[in-house]
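Chain by chain, the residues:
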Amino acid sequence: MRPAGVCLVVLLLAGLSACQRSPDQVLSYAAPTAAKMAREAAPEADTDGDGDAMLAYEHSAGIRLPAAEIAPRQRAVQDACIARKFGECVVLNMHQQGGDYPSASITVRIVPDGVEPMIALAGEGAELGERSTRAEDLAVVVRDNALTRERLRRELERLQEFQQRRDLAVADMIALSERMAAAQAQLEAAERDGAQHRRRIDTQLLTLDFRPPDGQAGRSEIGQAVRDFGATLSMGTAWTIRALAFLIPLAALLAVMVLVIRRLRRRAARRRDAP
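Structural notes, computed from the coordinates. Positions within a chain are numbered from 1, following the residues in the order the chain's sequence is written. Owing to the predicted nature of the model, reporting of local features is limited to residues with pLDDT of at least 70; listing and counting of side-chain atom pairs is limited to 80 or more, with chain, interface and lining totals taken over all residues. Water and hydrogen atoms were dropped before computing side-chain values, which therefore reflect all heavy atoms in the structure.

This next bit is on the pattern of salt bridges. Salt bridges, as used here, are contacts in which a Lys or Arg side-chain nitrogen is within 4 Å of a carboxyl oxygen on Asp or Glu. Under the criterion given, the structure shown has 13 salt bridges. Its salt-bridge partner being Arg 64, residue Glu 130 comes within 3.3 Å of it at the nearest N-O pair. Here Arg 64 lies in strand 1 (residues 55–64) and Glu 130 lies in strand 4 (residues 127–137), a separation of 66 residues in the sequence. The cut-offs for exposure are 20% and 50% of the maximum accessible area for each residue type, with area from a 1.4 Å probe on protein chains only; residues under the lower value are buried, those over the upper are exposed, and the others partly exposed. Residue classification places Arg 64 among the buried residues on the basis of a relative accessible area of 15%. Only DSSP runs of H or I covering at least 4 residues are called helices, and only runs of E covering at least 2 are called strands; the numbering of each starts at the N terminus.

The term disulfide refers to a covalent linkage connecting the sulfur atoms of a pair of cysteines. Any two cysteine sulfur atoms lying within 2.5 Å of each other are counted as a disulfide. Per the counting criterion, the structure on display carries 1 disulfide. A sulfur-sulfur distance of 2.0 Å marks the disulfide that ties Cys 81 to Cys 89. Classification of the bridge connecting Cys 81 and Cys 89 rests on its S-S torsion, roughly -100 degrees, and on that basis the disulfide is left-handed.

With respect to the element layout, Arg 73 can be found in helix 3 (residues 70–82). In this structure Arg 73 comes out as buried when scored by relative accessible area, which is 15%. Look past the residues within four positions of Arg 73 in its chain and what remains in contact with it is Leu 65, Leu 121, Ala 122, Gly 123, Glu 124, Ala 126 and Phe 210. In this description, contact between two residues means that some pair of their heavy atoms is separated by no more than 4.5 Å.

The relative placement of two packed helices comes down to the angle between their axes together with the axis-to-axis distance. Orientation is described by axes fitted as lines to C-alpha atoms, over the contacting stretch for helices, and by angles from 0 to 180 degrees between their N-to-C directions. Where helix 3 meets helix 4 (residues 115–122), the axes come as close as 9 Å, and the angle between the chain directions of the two elements is 150 degrees. If you check the angle between helix 3 and helix 4, you find them roughly antiparallel. Considering only the axes of helix 3 and helix 4, their crossing is right-handed. The segment helix 3 lies against helix 4, with Arg 73, Ala 76, Val 77, Ala 80 and Cys 81 engaging Met 118, Leu 121 and Ala 122. By definition in this entry, angles of less than 35 degrees are roughly parallel, angles greater than 145 are roughly antiparallel, angles of 65 to 115 are roughly perpendicular, and the rest are oblique. If you view the pair so one helix is near and one far, a crossing is left-handed when the near helix is turned anticlockwise from the far one by less than a right angle, and right-handed when it is turned clockwise.

What follows is about the sheet that holds strand 4. Pairing between two strands requires that DSSP report at least two bridges joining them. Read from one edge of the open sheet, 5 strands run 2-3-5-1-4, paired in mixed fashion. For this open sheet the edge positions go to strand 2 (89–97) and strand 4, each flanked by a neighbour on one side alone. Shown here is a sheet whose adjacent strand axes are inclined to one another by a mean of 10 degrees, direction ignored. Note: strand 2 against strand 3 (residues 103–110), 8 bridges, orientation antiparallel. What sits directly across from Asn 93, in strand 3, is Thr 107. Its contacts with the sheet put helix 3 on strand 2, strand 3 and strand 5 (204–211), and the angle it makes with strand 2 is roughly 165 degrees.

A cluster of basic side chains, namely Arg 262, Arg 263, Arg 266, Arg 267, Arg 270 and Arg 271, defines a positive patch on the protein surface. Structurally, the position occupied by Arg 271 is in helix 8 (residues 229–273). Overall, Arg 271 belongs to the exposed group, its relative accessible area being 69%. Candidate patch residues must exceed 30% relative accessible area and have no salt bridge, after which like charges are joined if within 9 Å and Val, Leu, Ile, Met, Phe, Trp or Tyr side chains if within 5 Å. Surface accessibility in these figures is a Shrake-Rupley result with a 1.4 Å probe; residues are shielded only by whichever protein chains are displayed. Charge counting treats Lys and Arg as positive and Asp and Glu as negative, with His and both chain ends excluded. By convention, the point assigned to a charge is CZ for Arg, NZ for Lys, CD for Glu and CG for Asp.

Okay, the nonpolar core next. Among buried residues, the Ala, Val, Leu, Ile, Met, Phe, Trp, Tyr and Cys ones that are joined through side-chain atoms within 4.5 Å form a nonpolar core. Val 77, Met 118, Leu 208 and Phe 210 are the most contacted members of the largest nonpolar core, which totals 21 residues. Those elements giving two or more residues to this core turn out to be strand 1, helix 3, strand 3, helix 4 and strand 5. Top element by residues in this core is helix 4. It accounts for 5 residues. The contact partners of Leu 208, leaving out residues within four places of it in the chain, are Ala 61, Val 77, Ala 104, Ser 105, Ile 106, Met 118, Ile 119 and Ala 122. Leu 152, Phe 162, Leu 176 and Ala 183 belong to the second-largest nonpolar core, a separate cluster that totals 9 residues.

Shape is all these values report; function is a separate question.
What follows is the structure, encoded as structure tokens:
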């Protein structure tokens, strides 16, 4: 390798290692850009006006309505989401169960302004049961992701500047190409993560759970018990027969043991009474 190429590689490695060993320096010039990128990532997530709230909300609500209306109501929520009736929305998961214990659930990701209207649609004319809301603070994750992307972009720019040099040896060009490919792959992965963070902040997760009222569920259990009466009776009879078959040999063995003990006692008594 020529001296110029050796010097270039040494300088390149020294510069890259300096970037990695000096996070405070990286933070000093990248923090303003990261803060700007974080604000742009979630413009709607500021709940207290300080511009730093990065909250990912998840809601769940239980709807109590007659069993016959569960499936149609689930479809109504699905259709409203697909049609974007209350804003951007996507269906993530659906579950339905029939029979004697009917239930259904649907999970959607929707814009914040569409959460309450969607819950109102699902609970129209029904009883709203339990409801919960939780929020995950993504401020640190968004900041770190922004810093990572900024660092990778600067590294790619520096590598591209070195690549323009015409005094590079073939080995240097190969090393530069490999490092640029690795940095580009890391940047694309970080950008995907950033897009997912923005999606979680700009939209909210909503899970709706449909079940019949408690009284109707109790009646269903009673009806099921009545329908299962014959099967339960036959099963109990079979277990009783099996228990008797198991106990008969045990009872016979106990009877024999009692007879033997009585005879032994009688013999002992006669010996004591003999002159």
